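A closer look at the structure
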Amino acid sequence: MGARTTSTARRLGAVLGLAGLATGLAASAWLWIALARLPPLDLAAAQARSPIVLDRAGTLLRPFATADGRWRLPLEPDAVDPRFLAMLTAYEDRRFRSHSGVDPTALLRAAGQWLAAGRIVSGASTLSMQVARLVEPRGERSLTAKLRQIARAIALERRLGKDGILRLYLALAPYGGPVEGLRAASLAYFGREPARLTLAEAALLVALPQAPEGRRPDRFPDAARRARDRVLDIAAARGVVPAADAAAAKAEPVPHGRKPFPMLAPHAAEAALAQEPGRAVHRLAIDARLQARLEPLVAERAASLGPGLSAAVLVIDNATGEVRAQVGSAGYLDAARSGAIDMTGALRSPGSALKPFIYAMAFEAGLAHPETLIEDRPSRFGASYAPENFDLTFQGTVTARRALQLSLNVPAVELMEAVGPARFIARLRQAGAGIVLPRDAAPGLPVALGGLGITLADLARLYAGLARGGEVPVLKRRLDIPVADAVPPRIAEPVAAWYVADVLRGTPPPESALPNRLAYKTGTSYGYRDAWAVGFDRRYTVAVWLGRPDGAGVPGLVGRVAAAPLLFDAVARLGGDPEPVPRPRDALVATTSALPPPLRHLRREAGPTDRLRIAYPPDGARIDLGALDGAPAGLALKALGGTLPLTWLVGGLPVTESDRRQAEWQPDGAGFVRISVLDATGASDSVMVRIE
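The rules we used
Residues numbered from 1 in each chain as written. Predicted model: local features only at pLDDT ≥ 70, side-chain atom pairs only at ≥ 80, totals over all residues. Heavy atoms only, no water. Helix = DSSP H or I, 4+ residues; strand = E, 2+ residues; numbered from the N terminus. Buried < 20%, exposed > 50% of the residue type's maximum accessible area, 1.4 Å probe, protein only. Contact = heavy atoms within 4.5 Å. Areas by Shrake-Rupley, 256 points an atom, 1.4 Å probe, with all protein chains shown as cover. Pairing = 2+ DSSP bridges. Axes fitted to C-alpha atoms, helices over the stretch in contact; angles between N-to-C directions. Phe/Tyr/Trp six-rings, centres within 6.5 Å; stacked < 30°, edge-to-face > 60°. pLDDT = per-residue confidence, 0-100. Parallel < 35°, antiparallel > 145°, perpendicular 65-115°, else oblique. Nonpolar A, V, L, I, M, F, W, Y, C, P; charged D, E, K, R; others polar. Polar contact = N/O pair within 3.5 Å; in protein donor to acceptor, adjacent residues only side chain to side chain. Salt bridge = Lys/Arg side-chain N within 4 Å of Asp/Glu carboxyl O. Core = buried A, V, L, I, M, F, W, Y, C linked by side-chain atoms within 4.5 Å.

What follows concerns the overall build of the protein chain. Scanning the protein chain from terminus to terminus reveals 19 helices and 20 strands. When each of the 692 residues of the protein chain is scored for burial, the buried share is 51%. Across the protein chain, contacts joining residues at least 24 apart in sequence account for 69% of those joining residues at least 6 apart. For the protein chain, the exposed surface amounts to about 30,900 Å²; the carbon and sulfur share of it is 55%.

Taken in spatial order, the 3 strands of this open sheet run S13-S15-S18, and their pairing is antiparallel. Strand pairing shows two members of the sheet lacking a second neighbour, strand S13 (613-616) and strand S18 (662-665), which therefore form its edges. If you compare each strand with its neighbour and ignore which way they point, the axes differ by 35 degrees on average.

Let us look at the packing of aromatic side chains. For any pair of aromatic rings, geometry is given as the distance between the ring centres together with the angle between the planes. Counting across every chain of the model gives 8 aromatic pairs. An aromatic cluster of at least three residues, connected via ring pairs, comprises Tyr359, Phe363, Trp498 and Tyr499.

We now examine the confidence of the model for the protein chain. The predicted model of the protein chain averages 88 in pLDDT, with 88% of residues at 70 or higher. The low-confidence segment residues 627-633, where pLDDT is below 50, has 8 contacts with residues more than four positions distant or belonging to other chains.

Before going further, it helps to spend a moment on the packing of helix H7 (residues 199-207) against helix H8 (residues 221-237). Relative to each other, H7 and H8 sit at 105 degrees, their axes nearing to 8 Å. Classified by the angle between their axes, H7 and H8 sit roughly perpendicular to one another. Together, Leu199, Ala200, Ala203, Leu204, Val206 and Ala207 of H7 and Ala224, Ala227, Arg228, Val231 and Leu232 of H8 make up the contact between the two elements. By residue class, the composition of the contact of H7 with H8 is 10 nonpolar, no polar and 1 charged.

The subject of this paragraph is the packing of helix H12 (residues 355-364) against helix H15 (residues 421-430). Between H12 and H15, whose axes approach to 11 Å, the crossing angle comes to 105 degrees. When the axes of H12 and H15 are compared, the pair comes out roughly perpendicular. Contacts from Phe357, Ile358, Met361 and Glu364 in H12 reach Arg423, Phe424, Arg427 and Leu428 in H15. Tallied by class, the residues present in the contact of H12 with H15 amount to 5 nonpolar, no polar and 3 charged.

With respect to the helices and strands, Gln405 occurs in helix H13 (residues 400-405). The spacing of Gln405 and Val503 is 98 residues in sequence and 6.8 Å in space, taken between C-alpha atoms. Excluding residues that lie within four positions of it along the chain, Gln405 makes contacts with Val503, Gly506, Thr507 and Pro508. A polar side-chain atom of Gln405 sits 2.9 Å from the main-chain carbonyl oxygen of Val503.

Turning our attention to the pattern of salt bridges. Overall, the coordinates contain 40 salt bridges when judged by the stated rule. As a salt-bridge pair, Glu364 and Arg427 come within 2.6 Å of each other at their nearest N and O atoms. Of this pair, Glu364 sits in helix H12 while Arg427 sits in helix H15, placing them 63 residues apart in sequence. The same class applies to Glu364 as to Arg427, namely buried. Where Glu471 meets Arg468, a salt bridge forms, and the shortest distance between an N and an O atom there is 4.0 Å. Judged by relative accessible area, which is 25%, Arg468 ranks as partly exposed. Taken together, the shared-partner salt bridges in this structure form one network comprising Arg56, Asp317, Glu322 and Arg324.

Residue Pro617 follows Tyr616 across a cis peptide bond; omega there is 0 degrees. By secondary structure assignment, the location of Pro617 is in the loop between S13 and strand S14 (622-623). Cis geometry marks the peptide bond from Leu644 to Pro645, where omega comes out at 0 degrees. In this structure, Pro645 sits in the loop between strand S15 (635-640) and strand S16 (646-650). Positive phi values are uncommon outside glycine, yet Leu392 reaches one of about 65 degrees.

The next point concerns the pairing of strand S11 (residues 530-536). Judged by how many residues are buried, S11 sits mostly within the fold: 7 of 7 residues are covered. Looking at chain direction, strand S10 (residues 519-524) and S11 are connected through 6 bridges and run antiparallel. Paired with Gly523 across the strands is Trp532, a residue of S11. Between S10 and S11, which pair antiparallel and follow one another directly, the connecting turn spans 5 residues, one of which, Gly527, has a positive phi of 80 degrees. One ladder, built from 7 bridges, connects S11 with strand S12 (residues 540-547); its direction is antiparallel. When the sheet's bridge partners are listed, Trp532 is paired in S12 with Trp545. Between S11 and S12, which pair antiparallel in sequence order, lie 3 residues.

The buried fraction of helix H6 (residues 182-190) amounts to 9 of the 9 residues, a majority that puts the element mostly inside the structure. All of the buried residues in H6 are Leu182, Arg183, Ala184, Ala185, Ser186, Leu187, Ala188, Tyr189 and Phe190. Note on H6: the residue one or two positions beyond its end, Gly191, has a positive phi of about 70 degrees.

Formed by 75 residues in total, the largest nonpolar core has its most connected members in Leu354, Phe357, Phe424, Leu462, Tyr463, Ile491 and Phe536. Tyr463 has contacts with Ala353, Pro356, Phe357, Leu504, Lys521, Val534, Phe536 and Thr541, leaving out every residue within four places of it along the chain. Trp71, Tyr91, Leu182 and Ala188 belong to the second largest nonpolar core, which has 63 residues in total.

If you trace the 3 strands from one edge of the open sheet to the other, you get S2-S1-S5, paired in mixed fashion. Of all the strands in the sheet, the pair left with one neighbour each is strand S2 (60-63) and strand S5 (281-283). Direction aside, the axes of adjacent strands within the sheet are offset by 20 degrees on average. Sheet topology places strand S1 (residues 52-54) next to S5; 3 bridges connect them, and they run parallel.

Tracing the chain through its elements places Arg539 in the loop between S11 and S12. Judged by its relative accessible area of 22%, Arg539 is partly exposed. Residues Arg539 and Glu579, 40 residues apart in the sequence, show an inter-C-alpha distance of 7.1 Å. Here Arg539 is in contact with Ile316, Asp317, Asn318, Ala319, Gly575, Gly576, Asp577 and Glu579, once residues within four sequence places are set aside. A polar contact of 3.2 Å, which involves the side chain of Arg539, links it to the backbone oxygen of Gly575.

Moving on, we get to the pairing of strand S6 (residues 310-317). With 8 of its 8 residues buried, S6 lies for the most part within the structure. Side chains of S6 alternate between two faces, with Ser310, Ala312, Leu314 and Ile316 and Ala311, Val313, Val315 and Asp317 buried alike. Two elements, S6 and S12, share 8 bridges in a ladder whose sense is antiparallel. Within S12, the position partnered with Asp317 by the bridge is Tyr540. Pairing between S6 and strand S7 (residues 323-327): 4 bridges, direction antiparallel. Counted as the bridge partner of Ile316 is Val323 from S7. In this structure, the hairpin formed by S6 and S7 is closed by a connection of 5 residues, where Gly321 is found at a positive phi of approximately 80 degrees.

Below, the structure written as structure tokens:
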């Protein structure tokens, strides 16, 4: 009886073996036919990734969903925790590196189980076969579908290689809902990049793709835990991780919810995407660490000042013009504060924040020096314009330095009258600032006190120009799109720019801040609608705005009280002590009494009948330096009108004084120079010429 049973078993085994062999041969024949007949696989859809915006070091600032609403972030295998990859292959495909897309051992085992049980017990799917299913999803579960999947897996291996297969799996593996790929899952469930996963986190992310909806930890935490622990057990049994580490990892909790994707510098990220919508990866000049320090600071400060207020901060690297931080609002998702509006690009009234540029023009034109005395007394300009100071008091006779540090209005308007509002606006626009005047009115004296519109970005650029010796940088917001080389526009000559920087460095700081460290200026617009503070040192310029995006006034919203403390706190987060702007070699450092007489006191210009003006050289002239060689008299300087004696200045420095309306000056090199003349009453004129 026993012999007969054994003989029967042998015959059955032989039959099953022949059947398996026949099945294998038939499958192999079908496979090669299928490989020849399969249409080419279009990988374009599978290779589509979520657009991402990175900072200057490659840190993720903000990802965006794909066109069909999925989160599928690019990821290279070398940016993944090695323990994840080891557990993945141990759990899903032990012979991944040795087979050609199909694991024959696993396939024969699965075929034997199928023949013995009459149903599919295990699928024998390799990572390559899983990628084939993800690239070409099909609803049916049949032998034909499995064979087609095998054919696709072999074709993909030939086309992409092992790293290409792994790259597609890491990008396409499902993790529940719209989350696809390891990087999106790591950020969604743990809030960190896949290079920094714990052992328990890596095991959970290995387990989820097999049943992404049934094991979602935010919906089924118990199922997620069981699946994770099984991966840890298998990894420990196969020697991938120590058993003690696997046991410790099981004690970690699984996440019970999804975390928001990173959203640093959201306004800058949206602008980058709008600028280059077809680009997959956008690289900005922003420093993510600095941005992450400033955003909560801005939100906290705006919240402390009252409801409905927003705030904005812009940080510029003075040497390169790169935008290192851009906080566009007090909270991008805070609808109550209109957080979606980027206030760094909104037109607002600057209040007194433009006064330093009036002084710069006056300094370079030879109208004044930081130690020139100027009157702060009740004054009327024209028929009806009589400006007052913010505190409704007057300081009397003060130096220009003190007048700017105290932001006195009458001296600023008097200098504006001497400089000329039209020339002032033209200079700002030539420097690249998008100045907007009310109802396109002609420039008038009120522009000295903020009667125009400017953006925080443009204001920051102008101040960065002061830190750069008068050269205004072009803002460089991106590192992946080159900025065309061009001669930078000027807001001031080097000496005048340094005079202003030196003056502003002495502006009294807010409470609890150290003096004489940061050059800065504040501004408050009419009706307390805007509070400004802009500061700079040699390295950085930081611009701050506070107010309501809808333009409503906020009682007590004053630049010195509200914006200046935020400015100093933002500068502290840059790290290091502020460094002063270097002094030009030819800057005139002198007391009031040591200045040339016309520079000691600012006086109103003479009447129109004898107005002082330079007759030669004309403004914009090109003077051939070679033609002056051997001419001891140098370059002739001629003036008309004015009251003798006349003082001639080059680059803001006096070069000669004369009782006649003619003088001589010997240039010491080529380049652009500003030539100015002052008469005994303080009247002045200036021209810009190029010495060649």
